[in-house]
Amino acid sequence: MVEEEGRELLGSRNHDVDEGRELFASSSGSDGPQWRKEGAVERRNGPLQTFVSVYSMMFFPLGVGPAFAYTGWIPGLLGLTYCAWASFRSGSLLAELCTADGGVGTYPALAKRRFGARGERLITTTQTCLYFMCGVFNIAYMPANFEQLLHTGGGGDGHGTSQGRLLGYMVATWAVMCLGSFLPTYHDTVSIALFSAVVSTLNAAFQLVVVAFYQRDLARTTEKTLFGPSIPQVLSALPAIGYTFGGHGVFPEEIRELKDPNDFHRVVKWLYAASLPWYYLCSAVSYCCYGNSMGGNPIANWPQGLWLTKLAAVFSLVGAFVISVTTNQATLLAIENLEPHLPGSQAGGQCRWFKRAALKFFFVTSQLVAALLLKRTPLQDIQGLMGSLGVGCLTFVFPFVLADRSAQNSLLGVLGALIAVVGLVSARYK
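Chemist: Any chance you could explain the environment of alanine 172 here in plain terms?
Modeler: Along the chain, the position of alanine 172 falls in helix H7 (residues 163–180). The class for alanine 172 is partly exposed, based on a relative accessible area of 30%. Each C-alpha atom of the pair alanine 172 and phenylalanine 321 lies 9.9 Å from the other, and the pair is 149 residues apart in sequence.

Chemist: Is there a simple way to explain helix H11 (residues 264–290) in this structure?
Modeler: Here H11 contains 27 residues, and its C-alpha end-to-end distance of 38 Å stays within 8% of the 39 Å for a straight helix at 1.5 Å per residue. At serine 275, H11 shows its maximal kink, close to 30 degrees; a proline, proline 277, follows between one and four residues later. Where H11 terminates, the next one or two residues include glycine 291, which has phi positive at roughly 60 degrees.

Chemist: Would you take a moment to explain the environment of lysine 224 for this structure?
Modeler: Its place among the elements puts lysine 224 in the loop between helix H8 (190–214) and helix H9 (231–243). Each C-alpha atom, one on lysine 224 and one on alanine 69, is 8.0 Å from the other, the two residues being 155 residues apart in sequence. Once you skip the residues sitting within four places of it in the chain, lysine 224 turns out to touch Trp73, Leu218, Ala219, Tyr287, Cys288, Gly291 and Asn292. Among the polar contacts made by the side chain of lysine 224, one reaches the side chain of threonine 222 at a distance of 3.1 Å.

Chemist: What exactly am I supposed to notice about the pattern of salt bridges here?
Modeler: Proximity of charged atoms lets side chains of opposite charge pair with each other. In the structure shown here, the tally under the stated rule is two salt bridges. Aspartate 217 is the salt-bridge partner of arginine 220, the closest N and O atoms lying 2.9 Å from each other. Of the charged contacts in the structure, one is a salt bridge between arginine 266 and aspartate 263, with a shortest N-O distance of 3.1 Å. Looking at aspartate 263, the relative accessible area reads 16%, which means it is buried.

Chemist: What should I look at first to understand the nonpolar core in this one?
Modeler: In globular proteins that are soluble, nonpolar side chains generally tend to be buried together. Core analysis: the largest hydrophobic core is formed by 93 residues, its most contacted members being Ile241, Phe245, Phe264 and Tyr279. When near neighbours in sequence (up to four residues on either side) are disregarded, phenylalanine 264 contacts Thr50, Val54, Gly91, Ala95, Phe251, Glu254, Ile255 and Leu258.

Analysis parameters
Residues numbered from 1 in each chain as written. Predicted model: local features only at pLDDT ≥ 70, side-chain atom pairs only at ≥ 80, totals over all residues. Heavy atoms only, no water. Helix = DSSP H or I, 4+ residues; strand = E, 2+ residues; numbered from the N terminus. Buried < 20%, exposed > 50% of the residue type's maximum accessible area, 1.4 Å probe, protein only. Expected span 1.5 Å × (residues − 1). Bend = angle between axes of the 7 residues up to and from the residue. Contact = heavy atoms within 4.5 Å. Polar contact = N/O pair within 3.5 Å; in protein donor to acceptor, adjacent residues only side chain to side chain. Salt bridge = Lys/Arg side-chain N within 4 Å of Asp/Glu carboxyl O. Core = buried A, V, L, I, M, F, W, Y, C linked by side-chain atoms within 4.5 Å.

What follows is the structure in structure tokens.
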């Protein structure tokens, strides 16, 4: 998922940090054919490499099933179908918008071309908030991965974990994220994206195997409903389904990496052809098996001690560490861009290095603090918040606002905004 949002920023770039900062500054603050300026992208991706990158960012079918415990069969399947079609359409629109009129290389630059500086600031703020919450979610989700792997007696959602172990798991994740903040940004990350894509797909396959061979008897005893227990619960779960179709927030940057940006139309078709069967299969099979008692952490629903559960936990733990680093890269790149404008930034190289390190440390530490404050909040609620504010806007609203005002685009944009707002309010007051 989160593995998600993330999973959100994998790409193949061959720049050092300073070059990456210059690229960010030029592409987010000017118009024109961004991928052709000043040799900004030295080694562009082919369509297959880009497919691997966006697949690893979006693919999270195991996140849909837990939402069905709130929605029931009919609203869940309708919500999944809407999110699939609307996100596919928005991805296609972003491909059209970013390749029109010479090309645009970032989401903020795309908004600036349509709405000026205010639009650019709005998109930049939305992206930053989403990436920040992705880091918070990764830290909050990590104890469940540790408990599932170590089988120390804590609950799969982390609530049965002792306070000492919970803090230890979160601090360990924070330490990895701090170290990862010093990695070269967007440098040779296709192999990392491929690893994330493979383990995510294997875990989805393991879900089907576990139900078919080890838990199929549960399907006869667990409670399932056609409709959720209440309208607020149904509405609050829809953004959580939308969250599993994230990654669109960096589609413009992925398009900029392509040798031929027009190939992204094919990439979007490949992405949904490869992903949607897993989304429908995993959500239907998991809800049929676990019903309304399904936990928010998918692997926590599997038999404890089973070798497949342990293997999936290893994949999830390592994959979550990878995602916890890569989802912060865009915001850390923005911090690199911010630092020269701060007081005292004209000092020598070592002083500037410490200033940048302090800014990154503060950002990642603030994510840890937010995760600790939200440690008693169900993961499903955090996912719903991210789906409403971040993924909802960048995937289900903004692309339709930036595109031509056709009837279909207007309808999808209004629906996306309504679901985001209503889902956020419902999650707050349910």
